[in-house]
Every structure is written in C-alpha cells, then in structure tokens.
Amino acid sequence: MSSADGGRLLTTFWAQLATAQRTLLLLDYDGTLAPFTLDPADAHPYPGITGALERLLALPTSSNRLVIVSGRWLRDLRPLLGIDHGLEMWGCHGRERRLPDGRHSLTPLPEAAVRALAEADAWETMARRLGGRVERKPASLAFHWRGLPADRHEALRQALAQRFAELPENNTLAWHDFDGGVELRVPGRDKGDVVRTLLAEAPPGAPTPRIAYLGDDLTDEDAFKALGEQGLSVLVRPEYRPTAAQLWLRPPEDLLAFLHRWADIREQTG
C-alpha cells in the first residue's frame with residue numbers, strides 16, 4: 001500500500017471512529033508494543049506506550065474496549081506490561097484469557113499433546129548447547145535463537161526439525177516459525193479465534209464496533225485474516241513484509257501517534 005493510500009484509509013477510519021457507538025482495539029505485545037530483545041523477559045514496552053494505554057483505559061468502558069492479544073503466557077506478560085487493572089488479555093495464542101475483573105480461563109489440552117510437550121521439553125539441553133533459549137508456556141514451547149549468527153541458528157533449527165520429525169505423536173503439536181525462533185504449539189487455537197470470539201460476543205442488537213487489530217508477526221496474520229473487511233488490520237514493524245494487513249506503521253513513533261489519535265477522538269465523543 002502506498003503512503004497516499006494508507007493516509008486515505010486512516011482518514012476514513014478516523015471519521016468512522018468519531019461516530020462509532022462502540023469500539024474495540026486489539027493489540028499484540030512483542031514486536032508491536034515492545035521491541036524484541038535477546039531475552040524475552042527484558043521486552044518492556046516502548047517509551048510512551050504505557051501512558052498511551054492508560055489514556056485508552058480511562059475511556060468509558062461501556063463503549064470502548066481494549067484487549068491485549070499475545071502468544072505469551074500471561075503470567076510472564078503481565079509484569080512486563082505494568083498495567084493490570086481493567087485490562088482484558090488473551091495469552092498463548094488464544095488459549096488463555098483474563099477478563100478485566102481478574103477472572104482467568106485456559107482451554108484444556110489433550111493428554112497426547114501434554115505428553116508430546118513433556119518430551120520436547122527435554123530438548124532444552126541441546127538447544128542451550130547450540131546457543132538457543134527455551135520459553136515454556138501452558139500450550140507450547142518456544143525455542144529462541146535471536147542474536148545468533150545465521151549458521152548457528154540454522155544448525156539449531158535443523159536439530160529441532162529432526163527431533164520434531166522423530167517425536168512420537170508429533171501430530172499433536174504444530175510447528176510455527178516466528179521472528180527469531182520456532183514454536184511447537186498445541187493446535188486448535190490461534191489469534192484469529194480471539195477476533196472471532198470477540199466479534200461473536202457482541203450483545204444482541206448492539207451496533208457492530210469499529211475494530212482495529214495491530215500486530216507484527218506471522219502469528220498475527222491469523223487475526224488479520226479473521227478480521228477481513230470488518231475492521232482495520234495494521235502491520236507494526238520497522239520494515240515492511242508481505243501481509244494480509246491493510247496498513248503499515250513503524251514503531252514506536254507511528255504506533256504512538258495512532259494510539260493517541262484513537263484516544264483523542266474517543267475522548268471527544270464523550
């Protein structure tokens with residue numbers, strides 16, 4: 001999309017947002033609200049993001065909804081985000097949900113998938129020997145190689161691929177490449193399911209909210225596709241890549257401008 005096309009798209013969207021009775025803003029975390037780091041535990045939000053989220057959370061909740069959608073385990077995400085009040089969060093690519101009032105749910109896993117994850121968990125020694133890091137989640141294992149030279153992360157990827165091919169019941173796990181590693185995930189839920197669930201939860205007779213989903217990674221493509229023409233899908237990355245998203249923004253400047261413009265418009269609507 002050209003910058004002119006993106007500008008026209010945003011102008012139209014902002015006009016619609018100003019008259020919308022309800023809004024829904026969905027935000028990915030890693031790579032979107034926070035830069036990637038060698039250690040995922042160090043991935044704090046970009047400067048200014050927390051303040052922008054606080055503005056959005058201060059809007060009337062009856063007509064404005066803010067949701068964080070992440071592949072992370074919420075146990076690990078919440079301390080990084082630094083905001084825990086009144087915020088809905090989805091973790092583990094849609095398997096985990098925490099409502100604004102603190103209620104928490106996790107979709108159960110098949111026993112065969114639990115066994116496969118347990119066996120794959122034993123690969124940590126090999127992964128660390130090759131320079132990788134392991135991130136454990138309730139429904140997946142993520143092997144990170146960010147920061148490694150190309151030959152070393154390719155060696156780790158090949159070693160993981162061989163073990164995955166030999167894993168008993170490996171059909172209970174799905175191989176997902178992401179920016180900086182690979183995740184072995186129990187299939188059946190993805191970020192697109194979050195979008196579909198939230199759309200389906202609209203009260204009977206309520207007007208359809210104006211929706212936007214912002215994300216950076218391949219895992220966010222499921223959400224972009226699920227949203228389709230029902231809302232605005234935004235790729236947030238320093239460099240462009242082929243995507244189903246309708247708009248491209250660079251973090252953090254373009255991202256912050258988007259979030260504050262959203263807050264400005266909705267504050268004026270009362």
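About the cut-offs
- Residue numbers here run from 1 along each chain, matching the order of that chain's written sequence.
- With pLDDT at 70 or above as the cut-off, local features in this predicted model cover only qualifying residues; side-chain atom pairs require 80 or more to be listed or tallied, and sums for whole chains, interfaces and linings still use all residues.
- Heavy atoms from the whole structure form the basis of all side-chain values; hydrogens and water molecules are not counted.
- Here a strand is any run of E in DSSP of at least two residues, a helix any run of H or I of at least four, and the numbering for each starts at the N terminus.
- Categorising residues by exposure relies on relative accessible area from a 1.4 Å probe, with only protein chains included: less than 20% of the type maximum marks a residue as buried, more than 50% marks it as exposed, and the intermediate range marks it as partly exposed.
- Paired strands are those between which DSSP finds at least two bridges.
- In plain words, nonpolar cores are sets of buried Ala, Val, Leu, Ile, Met, Phe, Trp, Tyr and Cys residues tied together by side-chain atoms within 4.5 Å.
- Here, residues are in contact when the closest pair of their heavy atoms is within 4.5 Å.
- Orientation is described by lines fitted to C-alpha atoms, with helices fitted over the stretch in contact, and by angles between N-to-C directions that extend from 0 to 180 degrees.
- Stacked, edge-to-face and tilted labels apply to pairs of Phe, Tyr and Trp rings (six-membered ring for Trp) whose centres lie within 6.5 Å, assigned for plane angles under 30 degrees, over 60, and everything in between, in that order.
- We count a charge as sitting over a ring when the NZ of a lysine or the CZ of an arginine lies within 6 Å of the ring centre and within 35 degrees of the ring normal.

## Quick word on unusual backbone geometry
A cis amide bond, omega -5°, links Pro-251 with the succeeding residue Pro-252. Among the structural elements, Pro-252 can be located in the loop between β12 (247-249) and α9 (253-269). Even without being glycine, His-93 reaches a positive phi, approximately 55°. Along the chain, the position of His-93 falls in the loop between β3 (88-91) and β4 (96-98). For His-93, a relative accessible area of 4% translates into the label buried.

## Section: the pairing of strand β7 (residues 140-144)
The element β7 is largely enclosed, with a buried count of 5 among its 5 residues. A two-sided burial pattern is seen for β7, the buried positions comprising Ser-140, Ala-142 and His-144 on one face and Leu-141 and Phe-143 on the other. Counted along the chain from strand β6 (residues 133-137) to the antiparallel partner β7, the turn is 2 residues long. For β7 and strand β9 (residues 181-185), the ladder comprises 5 bridges, and the chain directions are antiparallel. Across the sheet, the residue bridging to Leu-141 is Leu-184, located in β9.

## Things to note about the nonpolar core
Counting 39 residues, the largest nonpolar core has Leu-25, Phe-258 and Leu-259 as the members making the most contacts within it. Leaving out residues up to four positions away in the same chain, Phe-258 has contacts with Leu-10, Trp-14, Leu-25, Ala-212, Leu-214, Leu-232 and Leu-249. If you look at the next biggest cluster of nonpolar residues, it comprises 21 residues, including Ala-113, Trp-123, Leu-167 and Val-186.

## Brief notes about the sheet that holds strand β2 (residues 64-69)
If you walk across this open sheet you meet the 8 strands as β5-β4-β3-β2-β1-β10-β11-β12, and the pairing is mixed. A strand with exactly one partner marks an edge of an open sheet, and here the two such strands are β5 (104-106) and β12. Across this sheet, the average inter-strand angle for adjacent strands is 20°, counted without regard to direction. Taken together, the 3 bridges between β4 and β5 define a ladder with antiparallel strand orientation. Bridge pairing links Arg-98 to His-104 in β5. Against the sheet, α9 engages β1 (23-27), β2, β10 (210-215), β11 (232-236) and β12, with an angle of about 160° to β1.

## Focus: the packing of aromatic side chains
One pass over the structure, following the stated rule, counts 8 aromatic pairs. The interplanar angle of 65° and the centroid separation of 5.5 Å between the aromatic rings of Tyr-240 and Trp-248 together place this pair among those described as edge-to-face. Owing to a relative accessible area of 45%, Tyr-240 belongs among the partly exposed residues under this scheme. Measuring from centroid to centroid gives 6.1 Å for Phe-258 and Trp-262, while their planes differ by 45°, and the two rings are tilted. Of this pair, Phe-258 and Trp-262 both sit in helix α9, 4 residues apart, roughly one helical turn. Here Phe-258 matches Trp-262 in class, with each residue buried. Members of the aromatic cluster, joined through ring pairs, are Phe-13, Trp-14, Phe-258 and Trp-262. We note Arg-75 situated over the ring of Trp-73; from NZ or CZ to the ring centre the distance is 3.7 Å. The lysine or arginine in question, Arg-146, covers the ring of Phe-36, its NZ or CZ lying 4.1 Å from the ring centre.

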